[in-house]
Amino acid sequence: MPGTPNVLDLVHWSCAEVLVLHADHVDIDDKMVSQLAAELVAAADDVRGAVRGLPLPIKFSSLEQELTLLALYHLLDFGSGYDNLLKRLPGGRDARETLLYGLIGLHLGGARLDHHKLKSFSMYDIHQVFGIEATIEVAVMPGVTMAKPGPLQPLCKLMISVLNETGTILEEKGLRTPGELLLTVAEGLKKAGRTTASAFVEELVDTLPAFSDVVLYDGNLVTLHRKAQNLAADLALVYGSRDERFLFPDVDQLAADSGATTIAVLRAKGVLKLSKELGAIIDSGTELHAGAHERALRAAVVVACDRLVAAAEAAVTAPTEAPRTTDAGVASAAVDESATSTVAAPAAEGAGKESAGAAMATTAAVAVGEAVLTQSGVQQEGRSRAGREGGCGVGLRAVDIGAYLSYLVEEGRELHGKITKHFTMGVMAY
């Protein structure tokens, strides 16, 4: 139905709602948004190339085989809350490095990653493939030890659950591999005239529960779907040029990665401002349990990167008008449609929740992330023509920016070893 919000609209809107409700603990400094946006524009070529797909230097015999490994990479892309524990194991790898290590081993070992293998994946396989030990040996008397559950057992159980469940679903649908599932979904959407990232993400989360990423905040549903969106971005930006089934025209609507690394980078860059209470929890290395603070951080990343997209465009496209006041009595950025790429927020956002930095920003910066409020409630502001063609005037999209920010912490890069990530155990979202 025309005007009906799609799943990606829900991501942006629900995250904007949370940011307003949790502003006492998590806020966005719009002045620093403008500053970081200028850096992104200067590094536009690197930002545009930040989405790299499966970062493995290996060859595949077929597209299905390649997409199978890509799908498993995104399905299992969680466990960052266990990074410190994983780094104590031989090899010193964090969760993502452990995942890549295991996937390389599976591929080079010639494992058939079909539904039979996934359904039968066991604790022994997790240890053999990924090098994660679920148990520890505890001395019960001199010379006698007993195996007991170790601190990494919850992570191992989550991984097994995802793999077993995926294998079962594939078998029920008569599909061999996760790669065949991706191709089948894409082909079905093409035949239905729905080759879009939003439709693809919706199909993924409806088909495989492990891709679903919806949480509760103050009784309201917050839609994030981080892993599904990252997979859709990889398919569009890495494979879309050679397979039209993945040539999604709405890649600019995909949200940035809402994982712990992106959160930490935006905080290090001064974009995210945290309360003393929340900052102290993260800086002390204490676990940030799943809940309001943790979910607000993830939502803030989505909103902040949306503002960075708009700020990057504002930096190269001067607004045609100064900000004006709407009938609802709140400021909104009155720029030409071709220079606008913001996502509207709920009506509550404009009521005095803007950070002090916004008042100090230039007119171009104010045009960046302003909420558009209407008397009918939550609406999405029309995206710019440039955005529909691939981001902003310099070709930057939220998914590009999120990937680039994570790139900054890699070895030899600007923020390597200089960020403090929060850790939350027991979640399958990141």
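As recorded by an unreviewed UniProt entry, the chain carries the name Queuosine 5'-phosphate N-glycosylase/hydrolase and is attributed to Volvox africanus. Of the chain, the UniProt comment under Function (unreviewed entry) reads exactly: "Catalyzes the hydrolysis of queuosine 5'-phosphate, releasing the nucleobase queuine (q). Is required for salvage of queuine from exogenous queuosine (Q) that is imported and then converted to queuosine 5'-phosphate intracellularly." According to the UniProt record, the Sequence similarities (unreviewed entry) comment for the chain reads "Belongs to the QNG1 protein family."

Side chains of Val 140, Met 141, Val 144 and Met 146 sit close together on the surface and give an oily, nonpolar patch of about 340 Å² of accessible area. For the nonpolar patch, the secondary structure elements donating two or more residues are strand S2 (135-141) and strand S3 (144-149). With respect to the helices and strands, Val 144 occurs in strand S3.

Our focus in this paragraph is the packing of aromatic side chains. The full count for this structure, using the stated rule, is 4 aromatic pairs. With a centroid separation of 6.3 Å and 85° between ring planes, the pair formed by Phe 200 and Phe 246 is classed as edge-to-face. In this pair, Phe 200 sits in helix H11 (residues 197-207) while Phe 246 sits in the loop between helix H12 (226-239) and helix H13 (260-268), placing the two residues 46 residues apart along the sequence. Judged by its relative accessible area of 0%, Phe 246 falls in the buried class. Geometrically, the ring pair formed by Phe 200 and Phe 248 is tilted, given 5.5 Å between the ring centres and 40° between the ring planes. Remark: Phe 248 occurs in the loop between H12 and H13 and Phe 200 occurs in helix H11; sequence separation between them is 48 residues. Across the pair, exposure class does not vary: Phe 200 and Phe 248 are buried alike. Above the ring of Tyr 101, the side-chain terminus of Arg 93 is found at 3.8 Å from the ring centroid.

Turning next to the packing of helix H15 (residues 292-316) against helix H19 (residues 398-407). Packing of H15 against H19 brings their axes to within 9 Å, and their N-to-C directions diverge by 110°. One finds that H15 runs roughly perpendicular with respect to H19. The chirality of how H15 crosses H19 is right-handed. Touching Cys 305, Asp 306, Leu 308 and Val 309 of H15 are Ala 398, Ile 401 and Leu 405, all from H19. Partitioned by chemical class, the residues of the contact of H15 with H19 number 6 nonpolar, no polar and 1 charged.

What counts and what doesn't
- Residues numbered from 1 in each chain as written.
- Predicted model: local features only at pLDDT ≥ 70, side-chain atom pairs only at ≥ 80, totals over all residues.
- Heavy atoms only, no water.
- UniProt positions renumbered as here; feature names shortened; annotations may be inferred.
- Patch = residues over 30% accessible without salt bridge, like charges linked within 9 Å, V, L, I, M, F, W, Y side chains within 5 Å.
- Areas by Shrake-Rupley, 256 points an atom, 1.4 Å probe, with all protein chains shown as cover.
- Salt bridge = Lys/Arg side-chain N within 4 Å of Asp/Glu carboxyl O.
- Helix = DSSP H or I, 4+ residues; strand = E, 2+ residues; numbered from the N terminus.
- Phe/Tyr/Trp six-rings, centres within 6.5 Å; stacked < 30°, edge-to-face > 60°.
- Buried < 20%, exposed > 50% of the residue type's maximum accessible area, 1.4 Å probe, protein only.
- Lys NZ or Arg CZ within 6 Å of the ring centre and 35° of its normal.
- Axes fitted to C-alpha atoms, helices over the stretch in contact; angles between N-to-C directions.
- Parallel < 35°, antiparallel > 145°, perpendicular 65-115°, else oblique.
- Left-handed = near helix turned anticlockwise from the far one by under 90°.
- Contact = heavy atoms within 4.5 Å.
- Nonpolar A, V, L, I, M, F, W, Y, C, P; charged D, E, K, R; others polar.

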